[in-house]
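Descriptive analysis of the structure
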Amino acid sequence: MTQITPELVAEHGLTEEEYGRIKRLLNREPSFVELGIFSVMWSEHCSYKSTRIHLRKLPTKAPWVLQGPGENAGVIDIGDGDACIFKMESHNHPSFIEPYQGAATGVGGIMRDVFTMGARPVAMMNALRFGEPSHPRTRHLVSGVVSGIGGYGNCMGVPTVGGEVNFHKSYNGNILVNAMCVGLARQDKIFLSAAKGAGNPVVYIGSKTGRDGIHGATMASAEFSEDSEEKRPTVQVGDPFTEKLLLEACLELMATDAIIAIQDMGAAGLTSSSAEMADKGGSGIELDLDKVPQREAQMTAYEMMLSESQERMLAVLKPGREAEAEKIFRKWELDFAVIGITTDTHRLVVKHKGEIVADMPVTALSDEAPLYDRPHARRAPATGTPAFDAARPITASLKRILAAPDMCSRRWVWEQYDYTVMADTVQIPGGDAAVVRVHNTNKGLAITTDVTPRYCKADPYEGAKQAVAEAWRNITAVGARPLAVTDNLNFGNPQKPEIMGEIVAGIDGIGDACRALDFPVIGGNCSLYNETNGEGILPTPAIGGVGLMTDVHRMATIGFKRAGHAIILIGDTKGHLGQSIYLREIEGREEGRCPPVDLAAEKRDGDFVRKLIEKGRVDTVHDVSDGGLLVAVAEMALAGDMGADIGVAGLPDAIPFFFGEDQGRYVLTASPEEADRIEGELRHAGIVHAIIGKTIAEKVLRVEREGEISLAALRTAHESWFPGYMAGEEIPPTN
Amino acid sequence: MKSAVIVFPASNCDRDAAVALEQMTGKKPNMVWHQDSELPDVDLVVLPGGFSYGDYLRCGAMASQSAVMRAVKAHADRGGAVLGICNGFQVLTESHLLPGALMRNANLKFVCRPVSMTVEETQNAFTRKYANGQEVSFPVAHGDGNYYADEETLNRLEGEGRVVFRYAEGQNPNGSSRNIAGILSEKRNVLGLMPHPERVVDPLLGGTDGRGMFESLIETLS
């Protein structure tokens, strides 16, 4: 019997106080296996002990929300008996240590979260943040993460339809890999994880259990240091082939009515799946580890309970249905074993080699897990309007911005993802939101991931608001109605009051924006301790949004389509250069106030734009975001391979007008007559707008009084950076 | 035209092939499991894209040894039409129903993009509705599509008019010898190609250039 020493407790990431709480809950010292179980279940990653108290403030309800936070993924009603199930989750720490496997298993894990609820995954997105390009590890990490995401998703046959890639030195020692999965199910075929009732068989399905990933959840709940390389063995290894079989086998079993509850074995594997299922079902579970399919000989109970081997599920079946289920899993050549039974004791009991190695109340692992209201200090937001050199030529700046690492084409990335498999991708990467058709219907799901970490650093509250607003705007810009979000909150060490302040402000910002835009949060994930040697990342609350369009034939895209059409700008342009891409890339400074979001104007203006698209009056729309107005126009020109003549009467300052990042704006095109009608309606609605020019057949972007630049020159600049960088071209340090 | 789509473990374009076949022929294809040793009575067998058996050995190598492939070979020997797309093409070369091999893409990366190709041959069941020399665009999505055969075999393929699709100049996505995208068997009843015709039968999905292949098959086999 292993002696529990204070050192052992500390190695398990538990504080002295938390260990005292364990002893009180058990009325005795825990066994070594129990200590391991508490350590993972009470880890930040599994228990949300620093954030739970704040996450409760988020709006989670709407008439179309069928399942909010608390299950493996959230569920929304998309009409006609169809449901959309989605969630985003991080795999940051493993991806930094072992980028291919870390990213691959991140994709696999989030897919299981979605198909364990009965949905067929239909689209993947991701939000990736890397260190600065000149950092010696960045290329290796980009290359590994992108091929890992592709390697897993492509084999699964689920299209990866878009995402974000950013570079910043704050991620040099701690990259972010957030993966989002969207699935479809029928509303009457949604499976939950509540293991209700006693005497029901608990079955194990999927891959065998090995020694990989032990303590992954604990690793993900600590800061990195110089010796993080030594943690490589805690990274799991993915097998997308087995996952594909598991997906098909689970969906086949789900077509029967044999299942009471089912949950994937993600972080903390067998431990968290069994404890959470018993907790939600108000039951108990008794496991016999001798029955667990094992990949390696002589595995201990501790190793089996803490293994994070991939591609495994735990299900509770109706009694007597085991043979029927087993037949399905044998057909797909997967392991299947009855490893336990539900009980009415409200206890998690684990037996191994005839001995009880753990016996604890289920609530000790859930309700009784620590809950902290950690001290938080709100830092004053960055303020001020930065100065700029008004003499710089606009077209040269535009070209430089379009070639910047954060702004250039991501084609090098997304061409490594199969984005057309399943034959329903109607809007491919490169637009405002990806759109996948709901199979066999004309409905479409618009999907986006968004956050602008530099805004969040300047002002965590406004930045988080902006992330939600931008997701809402991107979905609106393709013509879909935004329905719900999943959030992936990536922050530093919550035990530092200034970091906890960022977290609390970020959650408040998300909450206020989601309430104002009727865009509830239906699930998510927190990734804290994103620090290396005490240096935190930029606060990065990534938002994954989903919207619905009723007719994919009326979808808007960003590319110009017809010459001679008016270019209309909707929304107010004050010329906000604080925290802008222009300031960073051209003036070399990151400073000033971040652009504020007026949520009431956001909603009114976005609803107006969406109606134009839904009625088929416009089909060319782009939101204005990073880089500002001229960058948006250039992207529309490049996507449509068609030029534009831009001229605005009485401009005081061209640079802030063309490169300011004022929020809540859209650029759209319409025939001159339709533009007249739209202008009249905009005036009537009191919406700030302007006609800023027209599309032209000539492949050139011409700005009155400022000069012109060919689309060919812009395209070369826009498309060259990523492939050149990955091929090893020298990149000077950014600062 | 009656058709069958073979389903290997981790085939993942089986549904896409079935949807395209149903859309084009009005009839649902038979879905045939890899462990079945007999085929239903069909005119066309489709080996779909995907990662059969995980492609952990050479792509298509495990699938070529499966029970169903004996039946597919027998169908081909009888002169029955077989269409192998992407992973299906890899299975066909591993099964020696087509010559050559598909190696890792020259740049070692998976590639997904629409590519332009020319239709080089129209005297066969698969492409008769296209014009000779017609330029078409199909998407590719593969990591191992780099077609290789020795010079003698390549010369023979060219000489016998068995190179059906060739990537347009500058569009070769994987380093294939002589820009070869798709080839026919000696008896011209087996076609393997890396690009995906089944993903371009619906204008909403970026084009309808793939329809010609299904129309050709319907005209020939119905």
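Residues numbered from 1 in each chain as written. Chains lettered and ligands numbered in written order. Predicted model: local features only at pLDDT ≥ 70, side-chain atom pairs only at ≥ 80, totals over all residues.

1. What about the overall build of chain A?
The following threshold applies: What counts as a helix is a DSSP run of H or I of at least four residues, what counts as a strand is a run of E of at least two, and both are numbered from the N terminus. Here the globule rule reads 2.2 Å times residues to the power 0.38, and the radius of gyration is calculated from C-alpha atoms. Counting other C-beta atoms within 10 Å of its own, a residue is labelled buried from 20 upward, exposed at 12 or fewer, and partly exposed in the gap between, with every C-beta atom placed from the backbone. Here the contact rule is simple: place C-beta atoms from the backbone, and any two residues whose C-beta atoms are within 7 Å are in contact.
The helix and strand inventory of chain A stands at 25 helices and 28 strands. At 26 Å, chain A has a C-alpha radius of gyration in line with the 27 Å of a compact globule built from 735 residues. The principal-axis extent of the C-alpha atoms belonging to chain A is close to 85 × 50 × 45 Å. Here chain A holds 735 residues, and 61% of them are scored as buried. Of the contacts formed within chain A by residues at least 6 apart in sequence, a portion of 85% connects residues at least 24 apart.

2. Re the overall build of chain B
Within chain B one finds six helices and eleven strands. In terms of overall size, chain B behaves like a compact globule, its C-alpha atoms giving a radius of gyration of 16 Å where 222 residues would be expected to give roughly 17 Å. Across its three principal directions, the C-alpha atoms of chain B cover 40 × 35 × 35 Å. Put simply, chain B has 222 residues, and 56% of those count as buried.

3. Re the sheet that holds strand β9 (residues 284-288) of chain A
Residues and elements named next belong to chain A. Convention followed: Should DSSP find at least two bridges between two strands, the strands are taken to pair. Note on definitions: angles span 0 to 180 degrees between N-to-C directions of axes, and those axes are lines fitted to C-alpha atoms, for helices only across the stretch in contact.
Pairing is mixed across the open sheet formed by seven strands, whose spatial order is β8-β10-β7-β11-β9-β12-β13. Only two strands of the sheet have a single neighbouring strand rather than two, namely β8 (259-264) and β13 (355-361). Averaged over all adjacent pairs, the angle separating strand axes in this sheet is 20°, with direction ignored. In this structure, β8 lies alongside strand β10 (residues 312-317), joined through five bridges in antiparallel fashion. Bridge pairing in β10 links I259 to L317. Sheet strands in contact with helix α13 (residues 322-331) are β7 (201-206), β10 and β11 (335-343), and its direction is about 150° off that of β11.

4. Comments concerning the pairing of strand β6 (residues 111-119) of chain B
All names here are of chain B. Summarising the sheet, β6 and strand β7 (residues 135-142) pair through eight bridges and their orientation is antiparallel. The residue of β7 that forms the bridge with P114 is P139. Where β6 and strand β9 (residues 163-167) come together, three bridges link them in antiparallel fashion. Bridge pairing links V119 to F165 in β9.

5. Remarks on helix α19 (residues 497-517) of chain A
The test is simple: Here the expected length of a helix is defined as 1.5 Å per residue gap, with one fewer gap than residues.
Helix length check: α19(A), at 21 residues, gives a terminal C-alpha distance of 30 Å against a target of 30 Å (1.5 Å per residue), a fit within 8%. At the exit of α19(A) stands D518(A), carrying a positive phi of roughly 55°.

6. A word on the packing of helix α18 (residues 460-477) of chain A against α19(A)
Helix-helix packing: each pair is described by the crossing angle between the helix axes and the interaxial distance. All names here are of chain A. Just so we agree on the cut-off: By convention, the crossing between two helices is left-handed when the near helix turns anticlockwise from the far helix through less than a right angle, and right-handed when the turn is clockwise.
Viewed as axis vectors pointing N to C, α18 and α19 meet at an angle of 35°, and their least axial separation amounts to 7 Å. At the point where α18 passes α19, the crossing takes the right-handed sense. Residues P460, Y461, E462, G463, A464, K465, V468, A469 and W472 of α18 lie in contact with α19, whose contacting residues are E502, A505, G506, D508, G509, I510, D512, A513, C514 and L517.

7. Description of the nonpolar core
All names here are of chain A. Applied cut-off: What we call a nonpolar core is a set of buried Ala, Val, Leu, Ile, Met, Phe, Trp, Tyr and Cys residues whose membership is set by joining through C-beta atoms within 7 Å.
Core analysis: the biggest nonpolar cluster contains 306 residues, and V468 and V633 have the highest contact counts within it. Looking at which element gives the most residues to this core, the answer is α19, with ten residues. Dropping the residues within four chain positions of it, V633 is found in contact with I567, A644, I646 and V667.

8. A closer look at the interface of chain B and chain A
Our working rule: Three residue categories are used. Nonpolar comprises Ala, Val, Leu, Ile, Met, Phe, Trp, Tyr, Cys and Pro, charged comprises Asp, Glu, Lys and Arg, and polar comprises the others, including Gly.
Listed per partner, the contact involves 21 residues of chain B and 21 residues of chain A. Sorting elements by how many residues they give to the side of chain B that touches chain A places β6(B) first, with three residues. Looking at the side of chain B that touches chain A residue by residue, the classes come out as 14 nonpolar, three polar and four charged.

9. Things to note about the pairing of strand β12 (residues 347-352) of chain A
All names here are of chain A. Side chains of β12 alternate between two faces, with L348, V350 and H352 buried and R347, V349 and K351 left unburied. Bridge analysis of β9 against β12 gives four bridges, and the strand direction is parallel. Bridge pairing links I285 to L348 in β12. Sheet topology note: the β12/β13 ladder contains six bridges and is antiparallel. Bridge assignment links L348 to a residue of β13, and that residue is M360.

10. Quick look at the confidence of the model for chain B
Our working rule: Per-residue confidence from the predictor is reported as pLDDT, which spans 0 to 100.
Taken over all residues, the pLDDT of chain B has a mean of 97, while the share at 70 or more is 100%. Interface confidence in the predicted complex, given as ipTM, is 0.97; pTM for the same model is 0.96.

11. Points about the sheet that holds strand β6 (residues 176-186) of chain A
Residues and elements named next belong to chain A. Across the sheet, which stays open at both edges, the six strands sit in the order β1-β2-β3-β6-β4-β5 with mixed pairing between neighbours. The sheet is open, and its two borders are formed by β1 (65-67) and β5 (160-167), each paired with just one other strand. Each adjacent strand pair in this sheet contributes to an overall mean axis angle of 20°, direction not counted. Looking at chain direction, strand β2 (residues 74-77) and strand β3 (residues 82-90) are connected through four bridges and run antiparallel. Pairing of D77 across the sheet is with A83, part of β3. Sitting on the sheet, helix α7 (residues 99-115) is in contact with β3, β4 (120-130) and β6, with an inclination near 25° to β6. Lying on the sheet, helix α8 (residues 138-156) is in contact with β4, β5 and β6; it crosses β4 at an angle near 175°.

12. Some remarks on the packing of helix α3 (residues 32-41) of chain A against helix α11 (residues 269-281) of chain A
Residue and element names in this part refer to chain A. Put simply, the rule reads: Throughout this description, any angle smaller than 35 degrees is read as roughly parallel, any larger than 145 degrees as roughly antiparallel, any in the 65 to 115 degree range as roughly perpendicular, and the remainder as oblique.
Direction vectors running N to C along α3 and α11 enclose 75°, while the axes themselves pass 10 Å from each other. In terms of their interaxial angle, α3 and α11 are classed as roughly perpendicular. Counting all contacts with α3, which are made through I37, V40 and M41, the residues of α11 involved are T271, S272 and A275. Within the contact of α3 with α11, the residues separate by chemical class into four nonpolar, two polar and no charged.

13. Regarding the environment of D279(A)
Its place among the elements puts D279(A) in helix α11. Ignoring any residue separated from it by four or fewer positions in sequence, one finds D279(A) in contact with V362(A), T363(A) and S366(A).

14. As for unusual backbone geometry
Residue and element names in this part refer to chain A. In this model, K353 sits at a positive phi of 50°, which is unusual for a non-glycine residue. Within the fold, K353 resides in the loop between β12 and β13. You can call K353 exposed: it has 10 C-beta atoms within 10 Å. Not every positive phi belongs to a glycine, and N533 is a case in point at roughly 50°. Of note, N533 is situated in the loop between β19 (531-532) and β20 (535-536).

15. Examining α8(A)
All names here are of chain A. Taking 1.5 Å of rise per residue, the 19 residues of α8 would be expected to cover 27 Å, and the 27 Å separating its terminal C-alpha atoms lies within 8% of that figure. Across the 19 residues of α8, 16 count as buried, placing the element largely inside the fold. Backbone geometry just after α8 places G157 at a positive phi near 75°.

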